[in-house]
Amino acid sequence: MSLDPRSPCPCGRTPARTRSPLAYADCCGRYLGHWDDCPAPDAESLMRSRYTAFVREDGPYLLATWDAAHRPASIDFDPGTRWLGLEVRAHRQLGPDSAEVEFVARQRAPGGRAHRLHETSRFVRTAGRWYYVDGDLR
């Protein structure tokens, strides 16, 4: 799924000073489209970009941003799933190279059944880049 660079970013990031969602190109699009040149600067930005990658079904980005020791061989997407929104509840820096992000992501499965994914995700920074490690579902 491609997104118009000017459309609101699926991750819903809204700076307090403007109160309107950032455009995809100014938010997660800069990371998804330029992984080699523009890595996410912190764990929350990486988590938001990974949510957007799920919306776009961008498996290569999701795999590239997964810690190598925990990365699956492939990612399968459920056809027809619609992602409905993301709420970041907390972002905790645990040390210079580790962090946690608590979030709730909402989705609708084909056939109309809604689902909430509430997770506290762990991230590590290796060689200046943040990577998703794993998470605990609530």
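Residues numbered from 1 in each chain as written. Predicted model: local features only at pLDDT ≥ 70, side-chain atom pairs only at ≥ 80, totals over all residues. Heavy atoms only, no water.

The name that an unreviewed UniProt entry assigns to the chain is UPF0225 protein SAMN04489711_108118, with the source organism given as Paracidovorax wautersii. The annotation that UniProt attaches to the chain under Sequence similarities (unreviewed entry) is "Belongs to the UPF0225 family." (UniProt positions renumbered as here; feature names shortened; annotations may be inferred.)

## Focus: unusual backbone geometry
With phi around 60°, arginine 19 is a residue other than glycine that occupies positive phi space. Topologically, arginine 19 is positioned in the segment before helix H1 (29-32). A positive phi is found at alanine 127, a non-glycine position, where the angle reads about 50°. Inspection of the secondary structure assignment puts alanine 127 in the loop between strand S3 (114-126) and strand S4 (129-137). (Helix = DSSP H or I, 4+ residues; strand = E, 2+ residues; numbered from the N terminus.)

## Comments concerning the nonpolar core
Ranked by internal contacts, the top residues of the largest apolar core, which has 29 residues, are Cys11, Tyr61, Leu86 and Phe123. In terms of residues, this core owes the most to one element, helix H2 (residues 43-56), which gives six residues. The contacts of phenylalanine 123, once residues within four sequence positions are left out, are Ala43, Leu46, Met47, Asp97, Ser98, Ala99, Val101, Trp130, Tyr131, Tyr132 and Val133. (Core = buried A, V, L, I, M, F, W, Y, C linked by side-chain atoms within 4.5 Å. Buried < 20%, exposed > 50% of the residue type's maximum accessible area, 1.4 Å probe, protein only. Contact = heavy atoms within 4.5 Å.)

## Brief notes about the sheet that holds S3
Spatially, four strands are ordered S1-S2-S3-S4 in an open sheet, and the strand pairing comes out antiparallel. Of all strands in the sheet, those bounded by a partner on one side alone are strand S1 (82-95) and S4. Neighbour-to-neighbour, the strand axes of this sheet turn through a mean angle of 25°, independent of strand direction. By the bridge criterion, eleven bridges tie strand S2 (residues 98-108) to S3 in an arrangement that is antiparallel. Residue pairing across strands places alanine 99 opposite phenylalanine 123, the latter belonging to S3. Together, S1, S2, S3 and S4 form the strand contacts of H2, whose direction differs from that of S1 by roughly 160°. (Pairing = 2+ DSSP bridges. Axes fitted to C-alpha atoms, helices over the stretch in contact; angles between N-to-C directions.)

## Points about a positive patch on the surface
Together, Arg82, Arg106, Arg108 and Arg116 line one region of the surface with positive charge. Counting through the fold element by element, arginine 116 comes out in strand S3. (Patch = residues over 30% accessible without salt bridge, like charges linked within 9 Å, V, L, I, M, F, W, Y side chains within 5 Å. Areas by Shrake-Rupley, 256 points an atom, 1.4 Å probe, with all protein chains shown as cover. Salt bridge = Lys/Arg side-chain N within 4 Å of Asp/Glu carboxyl O. Lys, Arg positive; Asp, Glu negative; His and termini not counted. Charge placed at Lys NZ, Arg CZ, Asp CG, Glu CD.)

## Here we look at the packing of aromatic side chains
Counting across every chain of the model gives seven aromatic pairs. Ring plane angle 70° and centroid distance 5.8 Å describe the contact between phenylalanine 123 and tyrosine 132, whose orientation is recorded as edge-to-face. Classification of tyrosine 132 by relative accessible area gives buried; the value is 12%. Among the aromatic residues, ring-to-ring pairing joins Tyr51, Phe54, Phe77 and Trp83 into one connected group. Arginine 50 extends its terminal NZ or CZ atom over the ring of tryptophan 66, reaching a point 4.8 Å from the ring centre. Sitting over the face of the ring of tryptophan 35, arginine 129 holds its NZ or CZ atom 4.4 Å from the ring centroid. (Phe/Tyr/Trp six-rings, centres within 6.5 Å; stacked < 30°, edge-to-face > 60°. Lys NZ or Arg CZ within 6 Å of the ring centre and 35° of its normal.)

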